[in-house]
Amino acid sequence: MAATQFLDRPDGRLAYDLQGQGPLVVCAPGLADMRSTYRELAALLVGAGFTVATMDLRGLGESSTAWPSYTELDVATDMLALVQALDAGPAILVGCDYSACAAVVAAANDQDLVTALVLSGQRMREHPANFIAAAGRWLISRRGIGRFLWNKSWPALWGRQKPADFQARRKAMAANLAEPGRYEAVRAMLRPGTQNCELAMPYVTCPALLVCGDADPAFSNVSPEAEARYVADRLAGPAVVHMVRGAGYYPHAEQPDHVASIFHDWLATNHQLKLLGND
């Protein structure tokens with residue numbers, strides 16, 4: 001991974017890295033995760049001729065802690081601020097779960113800086129949860145026991161294909177969340193009232209690619225494909241859903257070659273993208 005750089009924001013600083021030459025792609029990780037989750041996919045995109053920035057969410061990874069709030073709108077403004085600071089936009093925003101929601105909010109708020117979205121882990125609205133799912137969400141948001149339960153349950157979010165360094169990734173995430181203030185950021189993101197994504201969907205006019213694991217266990221009362229198609233239908237711009245067979249919550253890390261191939265095929269056939277060769 002490229003060397004860490006920092007973007008100063010009014011209430012803290014965001015860690016990111018930058019590599020490659022070409023149209024800009026900004027990748028942000030999901031809840032409790034770090035930007036290293038995109039290591040393989042970023043390398044593939046760089047090899048295909050893109051500039052790729054991977055960023056840590058506020059409070060996580062190498063970003064600073066103790067931010068005043070951690071809403072999807074906050075993360076959306078962070079993503080847009082990075083695009084502006086790099087002065088290489090417009091950008092394709094790549095997000096997973098919480099950052100996918102933030103990417104939707106960002107695209108709704110600034111159509112000039114966001115040319116397209118690539119989204120996974122599409123939990124972009126609140127569902128009536130069954131007892132087990134509701135209890136699990138409540139428990140992982142508790143102080144003290146929440147971090148322990150998240151670390152224990154994290155492997156279950158993955159599908160059949162796990163990266164060769166899976167155990168190293170697990171240890172790195174657990175070590176990061178153990179640092180002061182890190183899990184407080186996760187708990188803040190889990191609080192009700194932090195979600196703005198569903199309200200923003202009808203205002204997103206740029207193209208979107210939804211790449212979803214068909215074995216994603218994060219949905220209790222709806223299938224991953226049904227939820228992805230709901231999101232696609234709510235977005236105002238052209239949206240394509242692609243299910244990744246056997247993948248779970250992290251298709252970009254579980255099957256990076258396949259996801260990169262999906263991305264390239266979508267880009268080649270989507271002439272609405274304001275990118276090289278697609279004007």
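Located above this text is the structure these notes cover.
Let us look at the structure shown here. Since the model is a prediction, treat every value here as computed from it, not as a measurement. (Residues numbered from 1 in each chain as written. Predicted model: local features only at pLDDT ≥ 70, side-chain atom pairs only at ≥ 80, totals over all residues. Heavy atoms only, no water.)

**Structural notes on helix H5 (residues 145–153)**
Residues of H5 that are buried: Gly146, Trp150 and Asn151. Buried residues along H5 cover an arc of 130° about the axis, so they all sit on one side. Across from the buried face of H5, at angles greater than 90 degrees, the exposed residues are Phe148 and Lys152. (Buried < 20%, exposed > 50% of the residue type's maximum accessible area, 1.4 Å probe, protein only. Helix = DSSP H or I, 4+ residues; strand = E, 2+ residues; numbered from the N terminus. Arc of directions from axis to C-beta.)

**A word on the pattern of salt bridges**
Side chains carrying opposite charge are able to pair once their charged atoms draw close together. Counted according to the given criterion, the structure contains 13 salt bridges. Salt-bridge contacts for Glu184 lead to Arg187; the nearest nitrogen and oxygen are separated by 2.9 Å. Placement of both Glu184 and Arg187 in helix H7 (residues 182–190) is noted, with a separation of three residues, approximately one turn of the helix. Residues joined in a network through salt bridges with shared partners are Arg9, Arg58, Asp74 and Asp78. (Salt bridge = Lys/Arg side-chain N within 4 Å of Asp/Glu carboxyl O.)

**Structural notes on the environment of Val211**
In this fold, Val211 is placed in strand E7 (residues 208–213). Taking the C-alpha atoms as reference, Val211 lies 8.5 Å from Val240; in sequence the two are 29 residues apart.

**Regarding the nonpolar core**
The biggest cluster of nonpolar side chains holds 93 residues, and the ones touching the most others in it are Leu93, Val104, Leu117 and Trp150. With residues near it in sequence (within four places) discarded, Val104 still touches Leu117, Leu119, Met124, Cys197, Ala200, Met201, Val204 and Leu235. (Core = buried A, V, L, I, M, F, W, Y, C linked by side-chain atoms within 4.5 Å. Contact = heavy atoms within 4.5 Å.)

**Some details on the sheet that holds strand E6 (residues 114–120)**
Taken in spatial order, the eight strands line up as E1-E2-E4-E3-E5-E6-E7-E8 in an open sheet, and their pairing is mixed. The open sheet has two edge strands with one neighbour each: strand E1 (5–9) and strand E8 (239–244). When strand polarity is set aside, the average angle formed by the axes of neighbouring strands in this sheet is 20°. Relative to strand E4 (residues 51–55), strand E3 (residues 24–28) runs parallel, the two being bridged by four bridges. What sits directly across from Cys27, in E4, is Thr54. Sheet contacts for helix H3 (residues 98–109): E3, strand E5 (91–96) and E6; angle to E6, the most-contacted strand, approximately 160°. (Pairing = 2+ DSSP bridges. Axes fitted to C-alpha atoms, helices over the stretch in contact; angles between N-to-C directions.)

**Quick notes on helix H2 (residues 72–86)**
Between its first and last C-alpha atoms H2 spans 21 Å; for 15 residues at 1.5 Å apiece the expected length is 21 Å, and the two agree. Burial runs high along H2: eleven of the 15 residues are buried. Of the residues making up H2, those classed as buried are Glu72, Asp74, Val75, Ala76, Asp78, Met79, Leu80, Ala81, Leu82, Val83 and Leu86. Positive backbone phi, approximately 55°, marks Asp87, located one or two places after H2. (Expected span 1.5 Å × (residues − 1).)

**A few points about the pairing of E6**
Most of E6 sits out of view: seven of its seven residues are buried. Pairing of E5 with E6 involves six bridges; the strand directions are parallel. Each residue of the ladder has a partner; that of Val94, found in E6, is Val118. Each parallel crossover has a hand, and for E5 linked through H3 to E6 it is right-handed. Sheet topology places E6 next to E7; three bridges connect them, and they run parallel. Bridge pairing links Leu119 to Leu210 in E7. (Right-handed = clockwise from strand over helix to strand, strands pointing away.)

**Overview of the state of the cysteines**
By the definition in use, this model includes zero disulfides. Free of any disulfide, Cys101 has its nearest cysteine sulfur in Cys197, 4.2 Å distant. Residue classification places Cys197 among the buried residues on the basis of a relative accessible area of 0%. (Disulfide = S-S within 2.5 Å.)

**A few points about the side chain of Ser120**
In this structure, Ser120 sits in strand E6. Residue class for Ser120 comes out buried when judged on its relative accessible area of 7%. Contact partners of Ser120, with chain neighbours within four places excluded, come to Gly95, Cys96, Asp97, Ala100, Val211, Pro251 and His252.

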